[in-house]
Amino acid sequence: HDPFKTIEYARHIFKKVGRKNIMVKVPGTKEAPLAIRTLIHEDINVNVTLLFSERQYEPVAFAYLEGLTDRVRDGLDISRVASVASVFVSRIDTKIDHLFEVFASREAHLEKRKKITFLKGKIAVANCKFIYQKFKDIFSGIDFLDLKSKGGHVQRVLWASTSTKNPVYSDCLYVDNLIGPLTVNTIPHQTVLAFADHGRLSLSLESDLEGASVYLAQLEEVGINLETLFEEAQMEGVAAFQNSFDAIMNSLKAKVA
């Protein structure tokens, strides 16, 4: 939540590791764009992490473009600068499926209850499909095409948290349905094995966009505010990362002592 401390610490990590291909994680909070732009300008590769929505994604993508533009303005090479925008997938279904269960349990009308439960396991993928459309819009625009002619690379969308948490769903749910050009999927090992065994290889990210739109629209009918849920998911993610970092640092300090 402090872009200046983020920049300072990223510089420290980059210098300490001493490898040009390091990619520093920067949570994609509302304070992040300044840090992303500055670090890209300084030739420090960035993995923008903990993104959940199109609204969170768009400003960090433009911050990357602005960082490249700053380098071009200063006569610096942009051909070796890299970044990814990491969108967390399964956490959305985990959160929203719980809400569906609550809403369905309160619904007396059978058909309405079926309509709510039908949406389980469909929202995360639908959400990713529209983030990918925003990615395509941004990186086919005139601003990026000019940077591309100077050696600039797209900031790939990265699908994170892609193991299936609900055993009722396919163990390849977040792989089968998120395949498209210029994306990355950080697939856990067990999911790799599952996909190698029975996954479906097809360009699925742009299939049935109309259906994905219907699923998202139906959330409003149910009474779920998706943007509020995305903000909560990001805050919870930041807190979880912070707790993990504190725990490992405390463990190391204890061992040193």
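Our subject in this report is the structure included herewith. Since we're looking at a predicted model, the values are computed, not measured.

A word on the overall build of the chain
Within the chain, the secondary structure is distributed over eleven helices and five strands. Relative to the 2.2 N^0.38 estimate, which gives 18 Å for 257 residues, the radius of gyration of the chain is 20 Å and therefore close to what a compact globule would have. Here the chain holds 257 residues, and 44% of them are scored as buried. Nonlocal contacts in the chain, meaning residues at least 24 apart in sequence, comprise 75% of its contacts between residues at least 6 apart. With an accessible surface of roughly 13,800 Å², the chain has 57% of that area assigned to carbon and sulfur atoms. Treating the 32 positive side-chain charges of the chain as one cloud and the 32 negative ones as another, the clouds have centres 6 Å apart.

Considerations on the packing of aromatic side chains
Counted under the stated rule, the structure contains seven aromatic pairs. The structure contains a cluster of three or more aromatic residues connected by ring pairs, namely Y64, Y132, F135, F139 and F144. Residue placement shows K122 over the ring face of F118; its charged tip is 4.1 Å from the ring centre.

Thoughts on helix α11 (residues 226-256)
In this model, α11 (31 residues) spans 45 Å end to end at C-alpha, consistent with the 45 Å of a helix rising 1.5 Å per residue. By the burial criterion, the buried members of α11 are L226, L229, F230, A233, Q234, G237 and V238. In this structure, the buried side of α11 is in contact with β1 (23-27), β2 (45-51), α3 (54-73), α4 (90-106), α6 (123-138) and α10 (209-222). Its side-chain oxygen 3.1 Å from the backbone nitrogen of E227, N225 forms the N-cap of α11.

Some details on the sheet that holds strand β3 (residues 83-88)
With respect to topology, five strands assemble into an open sheet ordered β1-β2-β3-β4-β5, the strand pairing being parallel. Each edge of the sheet is formed by a strand with only one pairing partner; in this case those strands are β1 and β5 (183-185). Sheet twist, expressed as the mean angle between neighbouring strand axes with direction ignored, is 25 degrees. Contacts from α3 reach β2, β3 and β4 (156-160) within the one sheet, and its direction differs from that of β2 by about 170 degrees. Contacts from α11 reach β1, β2 and β3, with the element oriented near 120 degrees to β2.

What to know about a nonpolar patch on the surface
Together, Y9, F245, I248, M249 and L252 make up a nonpolar patch on the protein surface, roughly 470 Å² of accessible area in all. Looking at the nonpolar patch element by element, the count peaks at four residues for α11. Structurally, L252 is set in helix α11. Residue class for L252 comes out partly exposed when judged on its relative accessible area of 45%.

With respect to the state of the cysteines
Throughout this description, disulfide means a covalent bond between two cysteine sulfur atoms. Taken as a whole and assessed by the stated rule, the structure comprises zero disulfides. Residue C128 stays outside any disulfide, its sulfur separated by 16 Å from that of C172, the closest cysteine. Taking the relative accessible area as the measure of exposure, C172 reaches 0% and is therefore buried.

A look at the side chain of K129
Mapped onto the elements of the fold, K129 is located in helix α6. The buried charged residue K129 lacks any salt bridge, with D208 as its nearest oppositely charged partner at 5.7 Å. The residues touching K129, leaving out its near neighbours within four places in the chain, are N177, S204, L205, S207, D208, L209 and A212.

Considerations on the layout of surface pockets
Here the idea is plain: a probe the size of a water molecule rolls over the atoms and shows the empty space left. In this structure, the largest pocket spans a volume of roughly 780 Å³. Secondary structure elements with two or more residues in the lining of the largest pocket: α1 (3-17), β1, α2 (32-41) and α11. The element contributing the most residues to the lining of the largest pocket is α1, with six residues.

Digging into the packing of α1 against α2
Two numbers describe how α1 lies on α2: the axes approach to 8 Å, and their chain directions differ by 30 degrees. Seen from above, α1 lies across α2 with right-handed handedness. Contacts between α1 and α2 pair P3, F4, T6, I7, A10 and R11 from the former with L34, A35, T38 and L39 from the latter. Per-class residue counts for the contact of α1 with α2 are seven nonpolar, two polar and one charged.

A closer look at the nonpolar core
Membership of the largest hydrophobic core comes to 69 residues, with the highest contact counts inside it found for I36, Y57, F139 and W159. Top contributing element to this core by residue count: α6, with nine residues. Beyond its immediate sequence surroundings of up to four residues, Y57 is in contact with L51, A85, I131, K134, F135, I138, F139, Q155 and V157.

Rules used in this analysis
Residues numbered from 1 in each chain as written. Predicted model: local features only at pLDDT ≥ 70, side-chain atom pairs only at ≥ 80, totals over all residues. Heavy atoms only, no water. Helix = DSSP H or I, 4+ residues; strand = E, 2+ residues; numbered from the N terminus. Rg over C-alpha atoms; globule rule 2.2 N^0.38 Å. Buried < 20%, exposed > 50% of the residue type's maximum accessible area, 1.4 Å probe, protein only. Contact = heavy atoms within 4.5 Å. Areas by Shrake-Rupley, 256 points an atom, 1.4 Å probe, with all protein chains shown as cover. Lys, Arg positive; Asp, Glu negative; His and termini not counted. Charge placed at Lys NZ, Arg CZ, Asp CG, Glu CD. Phe/Tyr/Trp six-rings, centres within 6.5 Å; stacked < 30°, edge-to-face > 60°. Lys NZ or Arg CZ within 6 Å of the ring centre and 35° of its normal. Expected span 1.5 Å × (residues − 1). Polar contact = N/O pair within 3.5 Å; in protein donor to acceptor, adjacent residues only side chain to side chain. Pairing = 2+ DSSP bridges. Axes fitted to C-alpha atoms, helices over the stretch in contact; angles between N-to-C directions. Patch = residues over 30% accessible without salt bridge, like charges linked within 9 Å, V, L, I, M, F, W, Y side chains within 5 Å. Salt bridge = Lys/Arg side-chain N within 4 Å of Asp/Glu carboxyl O. Disulfide = S-S within 2.5 Å. 1 Å grid on protein atoms, 1.4 Å probe; cavity = no way out; pocket = protein on both sides within 12 Å on 5 of 7 lines; lining within 4 Å. Points joined across faces, edges and corners; volume = space filled by probe spheres on them. Left-handed = near helix turned anticlockwise from the far one by under 90°. Nonpolar A, V, L, I, M, F, W, Y, C, P; charged D, E, K, R; others polar. Core = buried A, V, L, I, M, F, W, Y, C linked by side-chain atoms within 4.5 Å.

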